[in-house]
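Secondary and tertiary structure notes
Chain residues, written in single-letter form:
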Amino acid sequence: MELTYTKVGDYYIPDLILDDQSDKSLGRYGRMRQKFLEEHHPGTYARLILSGKLWAHLVDIDTTCEERMDTLIPAMAKQEGVTEALKAADQMAWVSYMNNIHNRAEEIILNELIYAL
């Protein structure tokens, strides 16, 4: 493995190339995880950047959070009896219950995956 350098003025700067990032764009939860690491755990953030694993970590967290939300919300709705029958009978109550369930599921995900180390 050879390093090549470029002379800029009186200094030689190594020609470093970052690994290719995934084609997948970073979602809401990935950006939240990045901001959390950057602000509260700068050492871990720097280690992930320097090892080239930050993007993969953020994409993995984002994917895991989305999958977990898709699993938690229907399970919580079923457990609490929030059904399509309720939606047909009283739409405002159904929306209220579903918003409550969504917010609780998101709090679970934030505590377990985003703000955990």
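Residues numbered from 1 in each chain as written. Predicted model: local features only at pLDDT ≥ 70, side-chain atom pairs only at ≥ 80, totals over all residues. Heavy atoms only, no water.

Pairing analysis gives four bridges linking strand E1 (residues 5–8) to strand E2 (residues 11–14), with the strands arranged antiparallel. Its bridge partner being in E2, Tyr-5 is matched across the sheet by Pro-14. Counting the residues that bridge the hairpin from E1 to E2 gives two residues, and of these Gly-9 lies at a positive phi of roughly 65°. (Pairing = 2+ DSSP bridges. Helix = DSSP H or I, 4+ residues; strand = E, 2+ residues; numbered from the N terminus.)

This part is about the pattern of salt bridges. Oppositely charged side chains can pair when the atoms bearing their charge come close. Per the stated rule, a full pass over the model turns up three salt bridges. With a shortest N-O distance of 2.6 Å, Glu-80 and Arg-104 are connected by a salt bridge. Residue Glu-80 is located in helix H3 (residues 54–80), and its partner Arg-104 is located in helix H5 (residues 91–114); the two are separated by 24 residues in the primary sequence. Owing to a relative accessible area of 39%, Glu-80 belongs among the partly exposed residues under this scheme. On the accessibility criterion, Arg-104 (32% relative accessible area) is partly exposed. (Salt bridge = Lys/Arg side-chain N within 4 Å of Asp/Glu carboxyl O. Buried < 20%, exposed > 50% of the residue type's maximum accessible area, 1.4 Å probe, protein only.)

Our focus in this paragraph is the packing of helix H1 (residues 28–40) against H3. Working note: a packed helix pair is described by the angle between its axes plus the distance between those axes. Orientation of H1 relative to H3, taken along the N-to-C sense of each, is 130°, at an axis distance of 7 Å. In this view, H1 runs oblique relative to H3, as classed from their interaxial angle. Considering only the axes of H1 and H3, their crossing is right-handed. Side by side, H1 and H3 meet where Arg-28, Tyr-29, Gly-30, Arg-33, Gln-34 and Leu-37 of the first sit next to Leu-54, His-57, Leu-58, Ile-61, Asp-62, Cys-65, Glu-66 and Met-69 of the second. The class makeup of the residues in the contact of H1 with H3 is seven nonpolar, three polar and four charged. (Axes fitted to C-alpha atoms, helices over the stretch in contact; angles between N-to-C directions. Parallel < 35°, antiparallel > 145°, perpendicular 65-115°, else oblique. Left-handed = near helix turned anticlockwise from the far one by under 90°. Contact = heavy atoms within 4.5 Å. Nonpolar A, V, L, I, M, F, W, Y, C, P; charged D, E, K, R; others polar.)

By themselves, these figures tell us nothing about what the structure is for.
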